[in-house]
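What follows is each chain in one-letter form.
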Amino acid sequence: MRDPGAGTTPSYSVPRALLTEPGASASSVLRRVPGVWVLDLGGQGAGTQAGIRGAAAAQVRLYLDGIVLDQADGAALDLSELPLFDGQRLDIWRSHAPLGREGGIGGAVELRSRRPDDSEAEAAFEAGAFGLFKLGVRGSYAAPKHPVGVSLSAELLRSDGDFPWTDDGGTLFSGGDDTRRHRTNADLRRVTGLVSVRGEAGPCELSLVAHALAQEQGLPGPAAAPAASARYERTTQLTGLRAACARGPWRFDVSPSLRWQRSESDDPYGELTLVPSLARRDALAPALDIGGRVALLAWLDLGLHGEVRHERYRLRDARRAGVDRTQDRTSAAAAAELPVAIAPLHIRLVPRVRVERWEAAADDPRAALTWQAAAEWTGLATHGLHVQASVGTAIRAPSLFELHGDGATILAATHLAAERALTGSASIRYAPTGLPAGWLVDLELSAFASRVDDLIRLRRNSLWSAVAENIAGARLRGVEWSLRADLFHHLRLRWSHTSLATESRSGEAATDGKQLPLRPNQADQARVEGYHAFAGGTEMRAFADLDHVGGNTYDAAALIEAPARVTVSAGVGARVALHGVIGPSASLDLGVGLHNILDHHAVDLVGYPLPGRAWSVRVAWLERFP
Amino acid sequence: MSNYLRILSCCLAVATTSSACDASSDTKAGGVATAAEAGMAVVCSDYASTAIAVLDPEALRVTAPLLIHSGSASPGVLVALSGDVTLPTAPALGGPVLLLDRYPNGVVTWVDPVSATVIRQVDLGAGFAPNIRDMVATHGARWLVTRANPNRQPGAKPLDRGDDVLLIGADGSSLASLSATELDGFPGRPDRLLARPNGEVWVSLNRASLDYTEWLDGMVGRVRVGEGSTLQWLERIAYPDTRCCGGLATDGVRNALACPGSFDTAARTVDPTGSAVLLLDDNAKETARLVGSDPRVGAAIGQDIAMLAGGRVALVALGDFDGAVDRVLAWHPIADTVVELYRASAPFIIGSLATNVLGEVVFPVADPAKPEVCVVDSSGTACIPACAATGLPPRQVRRITRADNIELRP
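Residues numbered from 1 in each chain as written. Chains lettered and ligands numbered in written order. Predicted model: local features only at pLDDT ≥ 70, side-chain atom pairs only at ≥ 80, totals over all residues.

Engineer: Even after reading the chapter, I still don't get the overall build of chain A, so can you show me in this structure?
Structural biologist: Counting secondary structure elements, chain A contains three helices and 37 strands. What you see for chain A is a C-alpha radius of gyration of 24 Å, in line with the 25 Å of a compact globule of 626 residues. Overall, chain A is about 60 × 50 × 40 Å in size when its C-alpha atoms are taken along their principal axes. Across the 626 residues of chain A, 46% fall into the buried class. Within chain A, contacts between residues separated by at least 24 positions form 63% of all contacts whose residues are at least 6 apart in sequence. (Helix = DSSP H or I, 4+ residues; strand = E, 2+ residues; numbered from the N terminus. Rg over C-alpha atoms; globule rule 2.2 N^0.38 Å. Buried ≥ 20, exposed ≤ 12 C-beta atoms within 10 Å, placed from the backbone. Contact = placed C-beta atoms within 7 Å.)

Engineer: For this particular structure, what's the right way to read the overall build of chain B?
Structural biologist: When you go through chain B residue by residue, the secondary structure sums to one helix and 30 strands. Across the 410 residues of chain B, 62% fall into the buried class.

Engineer: When you look at the sheet that holds strand β3 (residues 61–69) of chain B in this model, what are you seeing that I'm missing?
Structural biologist: Pairing between the strands of a sheet comes from backbone hydrogen bonds, and it takes one of two forms, parallel or antiparallel. Residues and elements named next belong to chain B. The sheet built from four strands is open, its strands ordered β3-β2-β1-β30 with antiparallel pairing. Since the sheet does not close on itself, it has two edges, and those belong to β3 and β30 (394–399), each with one partner. On average, each strand axis in the sheet is inclined to that of its neighbour by 25°, with strand direction left out of account. Note that strand β2 (residues 50–56) and β3 share five bridges and pair antiparallel. Across the sheet, the residue bridging to leucine 55 is valine 62, located in β3. (Pairing = 2+ DSSP bridges. Axes fitted to C-alpha atoms, helices over the stretch in contact; angles between N-to-C directions.)

Engineer: Help me understand the pairing of strand β7 (residues 107–113) of chain A in this model?
Structural biologist: On a regular strand, each side chain points to the face opposite its neighbour's, so the side chains alternate between the two faces of the sheet. Residues and elements named next belong to chain A. Along β7, seven of the seven residues are buried, which leaves the element largely enclosed by surrounding structure. Covered by surrounding structure in β7 are Gly107, Val109, Leu111 and Ser113 together with Ala108, Glu110 and Arg112, the residues of both alternating faces. Pairing of strand β4 (residues 60–64) with β7 involves five bridges; the strand directions are parallel. Paired with leucine 62 across the strands is valine 109, a residue of β7.

Engineer: Would you mind showing me how to read the nonpolar core here?
Structural biologist: In a soluble, globular protein the nonpolar side chains are often hidden away together inside. Core analysis: the largest hydrophobic core is formed by 145 residues, its most contacted members being Val42(B), Ala53(B), Val277(B) and Leu315(B). In this view, Ala53(B) contacts Val42(B), Cys44(B), Val62(B), Ala64(B), Pro65(B), Leu66(B), Leu67(B), Ala386(B), Cys387(B) and Ala389(B); residues no more than four positions away in its chain are not counted. Among the nonpolar cores identified, the runner-up in size contains 61 residues, and Ala57(A), Val60(A), Leu62(A) and Ile395(A) belong to it. (Core = buried A, V, L, I, M, F, W, Y, C linked by C-beta atoms within 7 Å.)

Engineer: What is the right way to read the sheet that holds strand β21 (residues 286–291) of chain B from this model?
Structural biologist: All names here are of chain B. Pairing within the open sheet is antiparallel, and its four strands lie in the order β16-β17-β20-β21. Every interior strand has two partners, whereas the edge strands, β16 (248–250) and β21, have only one. Between one strand axis and the next, the sheet turns through 20° on average, direction left out of account. Here strand β17 (residues 255–259) runs beside strand β20 (residues 276–280); their pairing, made up of five bridges, is antiparallel. Looking at β20, one finds that asparagine 255 is bridged to leucine 280.

Engineer: Hey, could you run me through the confidence of the model for chain B in this one?
Structural biologist: All names here are of chain B. Looking at chain B as a whole, its pLDDT mean stands at 83, while 84% of the residues score no less than 70. Within the model, the stretch residues 1–35 combines pLDDT values under 50 with 137 contacts to residues more than four positions away or in other chains. In this model residues 403–410 is a low-confidence stretch, pLDDT under 50, and it forms 21 contacts with partners more than four residues away in sequence or in other chains. Here the prediction assigns the complex a pTM of 0.88, and the interface score ipTM is 0.87. (pLDDT = per-residue confidence, 0-100.)

Engineer: Explanation requested: the environment of Pro220(A) in the structure shown.
Structural biologist: Residues and elements named next belong to chain A. With respect to the helices, strands and loops of the structure, proline 220 is situated in the loop between β14 (204–218) and β15 (231–247). Proline 220 sits in the buried class, given 27 other C-beta atoms within 10 Å. With 36 residues separating them along the chain, proline 220 and threonine 184 place their C-alpha atoms 6.2 Å apart. Not counting residues up to four positions away in its chain, the partners in contact with proline 220 are Arg183, Thr184, Asn185, Ala186, Pro226 and Ala227.

Engineer: Would you explain unusual backbone geometry in this entry?
Structural biologist: In terms of backbone geometry, most residues other than glycine have negative phi values and most peptide bonds are trans. Of note in this structure, His489(A) is not a glycine but carries a positive phi near 60°. Within the fold, His489(A) resides in the loop between β27 (465–487) and β28 (491–504). Positioned with a positive phi, Asp163(B) is a non-glycine residue whose angle comes to about 45°.

Engineer: In this structure, what is going on with the environment of Gly291(A)? I would like to understand it.
Structural biologist: Relative to the elements of secondary structure, Gly291(A) occurs in strand β17 (residues 277–297). For the pair Gly291(A) and Ala244(A), spaced 47 residues apart in sequence, the C-alpha to C-alpha distance is 9.1 Å.

Engineer: I would appreciate a short explanation of the environment of Gln232(B) in the present structure.
Structural biologist: All names here are of chain B. Tracing the backbone shows glutamine 232 in strand β15 (residues 231–239). Placed 11 residues apart in sequence, glutamine 232 and glycine 221 show a C-alpha to C-alpha distance of 10.0 Å. In this structure, glutamine 232 is in contact with Val223, Arg224 and Gly226, ignoring residues within four places of it in sequence.

Here it is as structure tokens:
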């Protein structure tokens, strides 16, 4: 739960309003972020992954209130499980993350939940197409004269996921035989909960956050070979404590946490993996995160960060004799940075080194040293101009899955080396001052280039088996910009753009020099919103979204070119300020969204259709207490 | 474990297929003869995307480097060709290249090798993954197709139930289905097809349960195709102690059947006695057998076989993850000798076998760094980069026209 340190790494933040608007999902939210590419397998609970600046999802560190979610056994993290209802904001650091969130080749993503800073009660209801139903409740209490607060929240999500899609039967050369089908066995039931407590003890702020999730869902499989019987259950629990203390020039915090998961996938007929399975996976990961910062001199700070994590995974399969194995990995990292302010030049330099070590029972311990140097120029900060640049290295240790396989279709590759990356990036942010009251213009332009070596890739050696290997590498470079504006007291504009160029350096005849698959070469997300704010806090708004995803390739050989696509969405909403039923004030949020109005049918991954046109309606009541 | 995986991929025939029947077709090639029309088609694939090339195996040159590929049409939910495309055992009537897009697409595509255009496409899945295994022309401009997977979707129509031999018309419409499912519901999983001179068609049957945990002795079924779109089992012959029988080949005199062996998902082992190559007479009765546990083989046998000159049978001894590499062997059933023709540099890279007009073995070597198609003749091994247009590893070679001057008979 440690807040990231004050580095020079800019973040892109998605505010709560966008996390909770009608139809919002991890996929739709992350697509708004410049530099982020999303892989959505279609519909609620179908699975969502995201990479940053061409880096794979596994190269991005993911946090929930400071608790690391990435897993040493390599199990994919489904971003659709992030509890957006509880979210205060979603932070994305591209390429270089600040101290406390460092270590990822692609950067880091963190969802921060709401703190119990106010006394209020909230109930939110959302309904939508394809059986979508969400019901969320939250209550929080903040002692008026004491620094104590507590909140509890819960959300129920249900979705049938039975959206229609166009089945071309695989006969793309023969027109007229397309049929409309509905996804089946794609239903989802999910309950999430959050408890958040904060208090103070002397110079220290204490807090506790506990997340829990339980879900049951179907696994529909690829559209051309639908799985009628495969089901999946998952239960997770995250608990983190934090003590953050400050005295004089010292700041220090310590955050122990515990992550526990249990999942069970039932594929009785081998519809998904050909061989029937009833696999249960248990994961337990205690961790300790420590950070500190001290102002050594007026112009010199010292920042420290350490993390230790032990992960234990047990995989059993009731339908496969002999599949019962337990794997452990202990990882530790220590990082130090020394920010130096050169006042006459308005420059702040932040050099950093990081050492990480990982050890598993079956492997020799390994270690790696990485570094980063960042610089920030604030010479025109008073005019709203910030310039930042970073360069540094990062690694990703091979997962236990990549090293030891899954005992079935993924084979062991114990010789794997860690992925290594050298990345440089720069950004210019301009938020002019002196604008009329209530106006905002925030423009950011950034660019990066990255060289990644020893990339780990699963290579198929038959249709049903694959082995991980280090391919020679890849080269990534790109440009992004984002615009946020609030003009004329009635107009809000948001636009983010990504241009990305990737090139494989695999040394293989089929892939060398080709574009990396699934990374769109361009993406744009734009919103135009008109609004009117009434006296007393009531506001009405209407918006239109345009989502453009540029071309990319679906395969490593770059034979299959994915066409560019444009989707259009729109919505209206109102926030009505009212007298509270119990408390002195309340607000009623109403929102209606129409998504993918043109009913454009597309896929992020071949075989997994995305929903077409959809609707959603959300009503939320927030009661504030004294 | 390693054998399990290898056999898993092989037996389910989604990664490798055999080459056979090069001399068995009584069809006649038509159209304008071009360099691309003659010879063999090559499936180049990394199991994610696929490209088809055409080569002249006698001259050892590529005549059509990129006939069609996965990106030849703008993708929808599916793509033009998936990563699991194979060629039928026997050449097609009239010279088109037939592509069996097996799993999960379940599509047959006819491609004109001269103009490189798609003549026709037929979806034989109808909402399920049929796992098309083979296709052969029969009289009346009709086709027989094997579908190894049953349709588990509720309410499937009689012609869409899968696990069958399907008769389709010239326009691709389904005419009749001959279920391979046994009376107790055990799937027959029909695999390769072999058209016989007497009008019969032989069908090899894998005989694996729905969950691939139970196996029965491999079989060949003799099928009669009636004039009135009727299909009938004449006889089904079981071969004791064989598993997952698939590859069929003939030189017009002798017939051979390959049975790679089963894998047991519970024990995760391969039954060594289930892997064999069988020599069959004209009634599909077994006359000779070479088993994988034979010291001269010492490995599970691949599902592809080919008939060579001199009455020999070419087979692949599969490598494994413990250091053994793929090998191409020649078995002479009469003399009962086994000779090694080729030793690969790695396991899992020899996907199929075929024969050129000289009765020499032709096979793909799917080395990602050096993908080639090779021919073993009396002077040694010669190879060409048949998939150079895409760089994809070659997985399968099959003759696409009848070689009239083929000399295979002993």
